[in-house]
Amino acid sequence: GITGKYGTRYGASLRKIVKKYEIQQRARYMCTFCGKESIRRLAGGIWQCQSKTCRKTVAGGCWTLTTGAAATARATINRLKKAQGAEDGK
């Protein structure tokens, strides 16, 4: 598999954890700008769309495009914006 390069070193548990992260970082993700599944990791936390028409560069998580903390923050911001909009409408 992807962790075969480590051979029998480091122990099975650590290789299993590394496998999860390596699969996540090498996967392609959906581009929110062009809608294609073509975002790939450029470096730690830097993601770029590989589509010839898009080529957008996005900051994200180190191993995945979005992190759980980022999703929570985005939801909180949207909830507060919605609450503020309802307050202005009164």
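Please read all numbers here as calculations on a predicted model, not as lab measurements.

What counts, and where the lines are drawn
Residues numbered from 1 in each chain as written. Predicted model: local features only at pLDDT ≥ 70, side-chain atom pairs only at ≥ 80, totals over all residues. Heavy atoms only, no water. Helix = DSSP H or I, 4+ residues; strand = E, 2+ residues; numbered from the N terminus. Contact = heavy atoms within 4.5 Å. Salt bridge = Lys/Arg side-chain N within 4 Å of Asp/Glu carboxyl O. Buried < 20%, exposed > 50% of the residue type's maximum accessible area, 1.4 Å probe, protein only.

Focus: the environment of G61
Then, number 1: Residue position: G61 is located in the loop between β4 (57–59) and α2 (68–89).
Then, number 2: For the pair G61 and R41, spaced 20 residues apart in sequence, the C-alpha separation works out to 9.8 Å.
Then, number 3: In contact with G61, not counting residues within four places along its chain, are G45, W47 and T67.

Section: the pattern of salt bridges
Then, number 1: Summed over all chains, the structure comprises two salt bridges.
Then, number 2: With its nearest N and O atoms 3.3 Å apart, the salt bridge here joins K5 to E22. Residue K5 is located in the segment before α1 (12–26), and its partner E22 is located in helix α1; the two are separated by 17 residues in the primary sequence.
Then, number 3: K5 sits in the partly exposed class, given a relative accessible area of 48%.
Then, number 4: For E22, a relative accessible area of 9% corresponds to the buried category.
Then, number 5: E22 serves as the salt-bridge partner of R26, at 3.8 Å between the closest nitrogen and oxygen. Of this pair, R26 and E22 both sit in helix α1, four residues apart, which is roughly one turn of that helix.

Remember, this is a structural readout, not a statement about activity or role.
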